[in-house]
Amino acid sequence: MIENILEARNLYYTYNDGTQALKGLTLGIKQGKTTAVLGGNGAGKSTLFLSLNGILKPVTGEVFFKGLPLDYSRKGLKNLRKSVGIVFQDPDSQLFSASVFQDISFGAVNIKLNKEEVRKRVNMAMEQTGITHLKDKPTHCLSFGQKRRVAIAGVLAMEPEVLVLDEPTAGLDPIGVSEIMKLLREIQQELGLSVVIATHDIDIIPLYCDYTYVMNQGKIVLSGTPKEVFGQPGGLRKVNLRLPRIGHLIEILKDKDGFAFNDTANTISEARRLLRDWKTSQDKSAEGVLKHVRRN
Amino acid sequence: MIENILEARNLYYTYNDGTQALKGLTLGIKQGKTTAVLGGNGAGKSTLFLSLNGILKPVTGEVFFKGLPLDYSRKGLKNLRKSVGIVFQDPDSQLFSASVFQDISFGAVNIKLNKEEVRKRVNMAMEQTGITHLKDKPTHCLSFGQKRRVAIAGVLAMEPEVLVLDEPTAGLDPIGVSEIMKLLREIQQELGLSVVIATHDIDIIPLYCDYTYVMNQGKIVLSGTPKEVFGQPGGLRKVNLRLPRIGHLIEILKDKDGFAFNDTANTISEARRLLRDWKTSQDKSAEGVLKHVRRN
Amino acid sequence: MLKKRIWILSLIVMFTLLPRTAFAMHIMEGFLPPGWCISWGVLTIPFIILGLFSIQKTVNEHPRTKMLLAMAGAFVFVLSALKLPSVTGSCSHLTGIGLGTILFGPTAMTVLGLIVLLFQALLLAHGGIATLGANTFSMAVVGPILAFATYKIIKQAKGPQGLAVFLAAALGDLMTYVMTSIQLALAFPAETGGFMASLAKFMGIFAVTQIPLAISEGILTVLVFNAIAAYGKDELQDLKILSKEA
Amino acid sequence: MTNIDKYAYSSKLKHTAPLKKLIFAMLALAVCLWADSVPVSVLVLFIMGWCTVYKGGTPVALFIKLMLVPVTFLIIGVLTIAINASGNKDIFLFSIAAFGTHLGVSQSGMQQAALLFFKSTGAVSCLYFLSLSTPIVDLLAVLRRLKVPKMMIELMGLIYRLIFVLLETADTIYTAQSSRLGYANLISAYRSLAVLASSLFIRAYKRSDELYTALESRGYDGELSVLEEPFETHWTEYIPPVTINLVLVFIALLLKRYTGGVL
């Protein structure tokens, strides 16, 4: 098994208008995991994604898929795009057909599968994303969250190995966010997909991601598990990002208010454990004092 | 002084396609405060806003501005729109001119001010929103966040009394969000404006808003200060919303982990105070125990 | 030997350049003598004035149509900037005349066409300012009128919608190039054979690329129109406000 | 697609009165067309090139690249005019036999083609000078002063702004389609393009509706009136552009007189 299914080595990319979007970016996407790419607006996340899928070709540097450098020939790109699917931020610019079914089939039809196979895959993708009941609806009648699911289904129908999502939670309300993130988690585990998520929604990362890259001005500036990355608040602030709110609270309590935690926490459940443990130890030491006093 | 500068009483609105967007909505916007209207996607927030500005006329029910029912005549609307300015969610559908300066001047020119006054106001609005340096740039070269500021400036130049913003933080990264919210807070305090914000970004409400309405399916289902509203987690969950993450943590600690807080907290600083106080009381009680033991 | 080489060379030049001529079919800046620039400009003005009056009237009745027309203009511009895939792998462009005319009506298209042509000259260097009158006449007056007439006649004869759209777009496209060839031939009559010989030359050369292009444009316009009709019914209904006037 | 527009905003000549630039470029264009002379055309090309590159700060490479944009039309057009058919092969400088007649280039055809080539090149440089130094918004202000109908100017202003909004949408859709292999073969490509155009149309329609609503909420009552920043100019500033063109006219007249119109 190859550990990194996708790798970018030292990518540089400059747009026609002179904007340098990538400046020596290197990262690896672990097979079968969920990787987050965290960065502010304009950090270059979208450019990176378009490079992973061969839509943009880096000026220097190389992208490797399963250990092999990308083949930018017509055929090579066709194979790559079958395996690396991108779900874009704005579902409206991704859904174009009259009906949900038709839209989801778009990619599958383009890889010249026979009708039976296309139908099978589309039905499966609709099931996986929980939108089977929307099958015959016109796409413009859907809610925002439903549109995003249709967009995801359209990529899943191509049966990719890597699923790349640009800001999958943007524009969704809180319930929508957790639903879509749980859905991605499920799909990832069920199909053994590798998932890459670009986001600036810091609070979701500790909940749903295995590995995190922090991107700034076209480069990776921090990387590691969410715990490792959020253990470096200084580094995050330097690139205009912040800790998850829970992480921030725990940090302040520890540093300024004399709570002697022996760990950090970024999710509600982690923080809860930390505070509970701390409370227990306090209670114990109080008991200890009591016992000590009594004994004497 | 009138307490509620804007009031909506029992509004009903149905779109041509039969969608009932407002179903008996009643709310009051407090003069000189920041009011949040919290609701999931499709709750009817945008319809409400368009009714406050007289763009949509409710089928039944009435809107009051400064205690008087809206006058839907041409002149009445003109006066209303001078006083109640809306900033839409997508700046690209609000900015019509390629020149930043000209776009901002539009509203001010419409209320028939003389050139000098218009220029003064445009310059002031640009300063207030921190975009003076963008004056000579074409609109299409601006970033998303900059466009949103231009849209805000265009409304400020009309010197409204109420500033209504639809999802002002949508699409912005964490720094962008706090910048725009601080900006709004500043403007609100400096100019004594009444600000209304529609949002589904729950975590910003306890930080920046004075009063909150929770909207669901065309109606107000909860209202009060952020503290009061977030004190009713059950009611929020019923309408597919959640507590701010910090609020959620504190709630769990209190209800399940036996932290005997005597209050709730929704922001980092509130939570910090709560935990600090709690710690002190614990220490004190431990000391109390000690003292008690020693005395005996 | 030399002759043969010239023959081959010119063939190579033709076949490398021709597939890219769709955009270049706007007569470039400075190509027409001043007299012709002025004449075509003068000939175009009445149509523009007519178009402006018609637009003004519609806008007075339905204020929303001003924004709609502006969107239509931008849409036609963007449409004409899209690359049209072709068999040879090279790219050409749509004119959007047929689609624009069917959707927005010929009078609106005249004014929108003028604006689009001006922006193409200023932003993309396709066409020119001195040749704006001539280009407007062929692309925004003759093309739309023919496209509209074709569309209406076939509709009136109860012909199929698809055929009406196809022919309107294909003929609108083709007529534009015929008109451009006429304009060039009038300005540059051949030494021997005069206008007719020159026209034969220009039409002959552009026919090579324009006939397949007109067919592509026709097919694509049918596809686009069907897609719009499938899920833009309300929009199409509203647009009748614009196109009924013509 | 090369979009010239963004360079205008970074030009050093951006803050020069647009009317002055317009007069300069249009006069030169008129002189170039009227003079019908190779030296005058070349002179115009150099003056405009110099003003754009040296005065405006546009990169030379960009200017040259842009000059090559209309070259396809130029070559085809010029060749078509130069090459004639005749049964008599003696009138041609060189010719080949084809289609039962002779195709060739005569002395006068050659001259006409060369003249046209330079004239067009000179004229195009005038167009570039204008668009590389003057943002459209400024040009619209001039047109307003020149009493172009209001409806026309408002439409132009809106269309200009909306072009960029729609271009971005079209670009996003195109990228999304290519990532799902929408342009992998000719049939997909046609299908995708049709879908792109139709969804672009529907988006454009919705946007126009949103735009109207937004403008309405800002007090729109039928006119898109805005405050324009006036350019302070004194009439003396118009002397240099006019003088340069008068000199060009003079040179053209001299050439006509002393070379008998050959040049």
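Since this is a predicted model, take the numbers as computed values, not measurements.

### Description of the overall build of chain A
Here is step 1: Broken down by element type, chain A carries 11 helices and 10 strands.
Here is step 2: The long-range fraction of contacts in chain A, counting pairs at least 24 apart against all pairs at least 6 apart in sequence, stands at 63%.
Here is step 3: When the accessible surface of chain A is split by element, carbon and sulfur atoms take 48% of a total near 12,700 Å².
Here is step 4: Within chain A, one finds 40 positive and 32 negative side-chain charges whose respective centroids are separated by 2 Å.

### Details of the interface of chain C and chain D
Here is step 1: Tallying the contact residues gives 84 residues for chain C and 87 residues for chain D.
Here is step 2: In this structure, Arg-64 of chain C and Asp-209 of chain D form a salt bridge, with 2.9 Å as the shortest nitrogen-oxygen distance.
Here is step 3: Run the count over chain C and chain D and you get 9 residue pairs in polar contact (both at pLDDT 80 or more).
Here is step 4: Of all the elements, helix α4 (residues 65-81) of chain C adds the most residues to the side of chain C that touches chain D, at 13 residues.

### Section: the sheet that holds strand β9 (residues 211-216) of chain A
Residue and element names in this part refer to chain A.
Here is step 1: Spatially, 6 strands are ordered β6-β7-β8-β3-β9-β10 in an open sheet, and the strand pairing comes out mixed. Only two strands of the sheet have a single partner each, and these edge strands are β6 (84-87) and β10 (219-224). Within the sheet, the average angular offset between the axes of one strand and its neighbour, ignoring direction, is 20 degrees.
Here is step 2: Pairing of strand β7 (residues 162-166) with strand β8 (residues 194-199) involves 5 bridges; the strand directions are parallel. Within β8, the residue paired with Val-162 across the bridge is Ser-194.
Here is step 3: Lying on the sheet, helix α1 (residues 45-52) is in contact with β3 (34-38), β6, β7, β8 and β9; it crosses β8 at an angle near 155 degrees.
Here is step 4: Running at roughly 155 degrees to β8, helix α6 (residues 174-191) makes contact with β3, β7 and β8 of the sheet.

### Considerations on the pairing of strand β9 (residues 211-216) of chain B
Along any regular strand, the residues point their side chains to alternate faces of the sheet.
Residue and element names in this part refer to chain B.
Here is step 1: Counting buried positions along β9 yields 5 of 6 residues, so the element is predominantly enclosed.
Here is step 2: Pairing geometry for strand β3 (residues 34-38) and β9, over 4 bridges, is parallel. The residue bridging Val-37 from the neighbouring strand is Tyr-213, located in β9.
Here is step 3: Summarising the sheet, β9 and strand β10 (residues 219-224) pair through 5 bridges and their orientation is antiparallel. Looking at the pairing, Val-214 lines up with Leu-222 of β10.
Here is step 4: Linking two consecutive strands that pair antiparallel, namely β9 and β10, is a turn of 2 residues; a positive phi of about 45 degrees is found at Gln-217 within it.

### Some remarks on helix α4 (residues 60-67) of chain D
All names here are of chain D.
Here is step 1: Among the residues making up α4, those that are buried are Leu-62, Phe-63, Leu-66 and Met-67. Down the axis of α4, the buried side of the element spans an arc of 135 degrees, and every buried residue falls inside it.
Here is step 2: The elements touched by buried residues of α4 are α1 (5-9), α3 (38-55) and α6 (107-133).

### Let's talk about the pattern of salt bridges
Between side chains of opposite charge, a pair can form when the charged atoms approach closely.
Here is step 1: In the structure shown here, the tally under the stated rule is 43 salt bridges over all chains.
Here is step 2: Linking Asp-257 of chain B and Arg-276 of chain A is a salt bridge whose minimum nitrogen-to-oxygen distance equals 3.6 Å. Taken together, the positions of Asp-257 of chain B in the loop between α10 (245-256) and α11 (268-295) and Arg-276 of chain A in helix α11 (residues 268-295) put the pair across two chains.
Here is step 3: Measuring nitrogen to oxygen at the nearest pair gives 2.7 Å for the salt bridge that ties Asp-92 of chain B to Arg-161 of chain D. Here Arg-161 of chain D lies in helix α8 (residues 150-179) and Asp-92 of chain B lies in the loop between β6 (84-87) and α3 (100-110), a pairing that spans two chains.
Here is step 4: Residue Asp-92 of chain B is classed as buried on the basis of its relative accessible area, which comes to 11%.
Here is step 5: Exposure remark for Arg-161 of chain D: the relative accessible area of 1% places this residue in the buried category.

### Digging into a positive patch on the surface
Here is step 1: Judged by side-chain charge, Lys-152, Lys-155, Lys-158 and Lys-240 of chain C come together as a positively charged surface patch.
Here is step 2: The exposure class assigned to Lys-152 of chain C is partly exposed, which follows from its relative accessible area of 38%.

### A short note on the nonpolar core
Here is step 1: Counting 162 residues, the largest nonpolar core has Phe-31, Leu-103 and Phe-119 of chain C as its most contacted members.
Here is step 2: Counting residues per element, this core draws most heavily on helix α9 (residues 186-217) of chain D, at 15 residues.
Here is step 3: Of all hydrophobic cores here, the second largest spans 49 residues; its members include Ala-36, Val-155, Leu-193 and Ile-205 of chain B.

### Some thoughts on the domain arrangement of chain A
Residues and elements named next belong to chain A.
Here is step 1: The assigned domain composition of chain A is domain 1 (4-227) and domain 2 (244-296).
Here is step 2: For the domain 1 and domain 2 pair, buried surface summed over both sides reaches about 520 Å², with 53% attributable to carbon and sulfur atoms.
Here is step 3: The largest share of the area that domain 1 buries against domain 2 comes from Asp-203, Pro-206 and Lys-227, three residues that together contribute 78% of it.
Here is step 4: Seen at the junction of domain 1 and domain 2, the total is 1 salt bridge.
Here is step 5: Between Asp-263 and Lys-227 there is a salt bridge, with its nearest N and O atoms 3.4 Å apart.

### As for the packing of helix α5 (residues 97-104) of chain C against helix α8 (residues 161-187) of chain C
Residue and element names in this part refer to chain C.
Here is step 1: Axis separation between α5 and α8 bottoms out at 7 Å; the angle between their running directions is 125 degrees. In this view, α5 runs oblique relative to α8, as classed from their interaxial angle. Note on packing geometry: the crossing formed by α5 with α8 is right-handed. Facing α5, whose interface residues are Ile-97, Gly-98 and Ile-102, α8 presents Val-165, Ala-168, Ala-169, Gly-172 and Thr-176.

### Re the environment of Ala-184 of chain D
Here is step 1: Note on placement: Ala-184 of chain D falls in the loop between α8 and α9.
Here is step 2: Ala-184 of chain D sits 142 residues away from Val-42 of chain D along the chain, and the two C-alpha atoms are 46 Å apart.
Here is step 3: Beyond its immediate stretch of four places on either side in the chain, Ala-184 of chain D contacts Arg-74 and Lys-78 of chain A.

### Examining the packing of aromatic side chains
Here is step 1: Under the criterion given, the structure shown has 27 aromatic pairs over all chains.
Here is step 2: Ring geometry for Phe-104 of chain C and Phe-201 of chain D: centres 6.3 Å apart, planes at 40 degrees, overall tilted. You can see Phe-104 of chain C sitting in helix α5 and its partner Phe-201 of chain D sitting in helix α9, one on each of two chains. Here Phe-104 of chain C matches Phe-201 of chain D in class, with each residue buried.
Here is step 3: Put simply, the rings of Phe-259, Phe-261 and Trp-278 of chain A together with Phe-259, Phe-261 and Trp-278 of chain B touch in pairs and so form one group of aromatic residues.
Here is step 4: Over the ring of Tyr-211 of chain A we find Lys-30 of chain A; its NZ or CZ atom is 4.2 Å from the centre of that ring.
Here is step 5: The ring centre of Phe-259 of chain B lies 5.2 Å from the NZ or CZ of Lys-279 of chain A, which sits over that ring.

### Focus: the domain arrangement of chain D
All names here are of chain D.
Here is step 1: Parsing chain D into structural domains produces domain 1 (1-134 + 232-263) and domain 2 (140-228).
Here is step 2: Computed from C-alpha coordinates alone, the two centres of domain 1 and domain 2 are separated by 33 Å.
Here is step 3: Opposite the 7 residues of domain 1 that make contact, domain 2 presents 6 residues.
Here is step 4: Approximately 500 Å² of surface area, both sides summed, lies buried where domain 1 meets domain 2, with 68% of it carried by carbon and sulfur atoms.
Here is step 5: In this structure, the connection of domain 1 to domain 2 is made through 0 salt bridges.
Here is step 6: Linking domain 1 with domain 2 are 1 residue pair in polar contact (both at pLDDT 80 or more).
Here is step 7: Counting only elements with at least two residues in the side of domain 1 that touches domain 2, the list comes to α1 and α2 (18-35).
Here is step 8: A per-element tally of the side of domain 1 that touches domain 2 places α2 first, with 3 residues.

### Describing the side chain of His-140 of chain B
Here is step 1: Take His-140 of chain B: it is sitting in the loop between α4 (115-128) and α5 (144-156).
Here is step 2: Excluding its chain neighbours within four sequence positions, the residues that come into contact with His-140 of chain B are Asp-5, Tyr-9, Tyr-160, Arg-161 and Phe-164 of chain D.

### Things to note about helix α6 (residues 174-191) of chain B
All names here are of chain B.
Here is step 1: Taking 1.5 Å per residue as the helical rise, α6 with its 18 residues ought to reach 26 Å, and the 26 Å between its terminal C-alpha atoms agrees with that figure.
Here is step 2: Taken as a whole, α6 has its buried residues at Pro-174, Gly-176, Val-177, Ser-178, Ile-180, Met-181, Leu-183, Leu-184, Ile-187 and Gln-188.
Here is step 3: In this structure, the buried residues of α6 make contact with β3, α4, α5, β7 (162-166), β8 (194-199) and α7 (205-208).
Here is step 4: Count one or two residues on from α6 and you reach Gly-192, which has phi positive near 65 degrees.

Basis of the calculations
- Residues numbered from 1 in each chain as written.
- Chains lettered and ligands numbered in written order.
- Predicted model: local features only at pLDDT ≥ 70, side-chain atom pairs only at ≥ 80, totals over all residues.
- Heavy atoms only, no water.
- Helix = DSSP H or I, 4+ residues; strand = E, 2+ residues; numbered from the N terminus.
- Contact = heavy atoms within 4.5 Å.
- Areas by Shrake-Rupley, 256 points an atom, 1.4 Å probe, with all protein chains shown as cover.
- Lys, Arg positive; Asp, Glu negative; His and termini not counted.
- Charge placed at Lys NZ, Arg CZ, Asp CG, Glu CD.
- Salt bridge = Lys/Arg side-chain N within 4 Å of Asp/Glu carboxyl O.
- Polar contact = N/O pair within 3.5 Å; in protein donor to acceptor, adjacent residues only side chain to side chain.
- Pairing = 2+ DSSP bridges.
- Axes fitted to C-alpha atoms, helices over the stretch in contact; angles between N-to-C directions.
- Buried < 20%, exposed > 50% of the residue type's maximum accessible area, 1.4 Å probe, protein only.
- Arc of directions from axis to C-beta.
- Patch = residues over 30% accessible without salt bridge, like charges linked within 9 Å, V, L, I, M, F, W, Y side chains within 5 Å.
- Core = buried A, V, L, I, M, F, W, Y, C linked by side-chain atoms within 4.5 Å.
- Domains from an automatic or database assignment.
- Buried area = accessible area lost by both parts, 1.4 Å probe.
- Parallel < 35°, antiparallel > 145°, perpendicular 65-115°, else oblique.
- Left-handed = near helix turned anticlockwise from the far one by under 90°.
- Phe/Tyr/Trp six-rings, centres within 6.5 Å; stacked < 30°, edge-to-face > 60°.
- Lys NZ or Arg CZ within 6 Å of the ring centre and 35° of its normal.
- Expected span 1.5 Å × (residues − 1).

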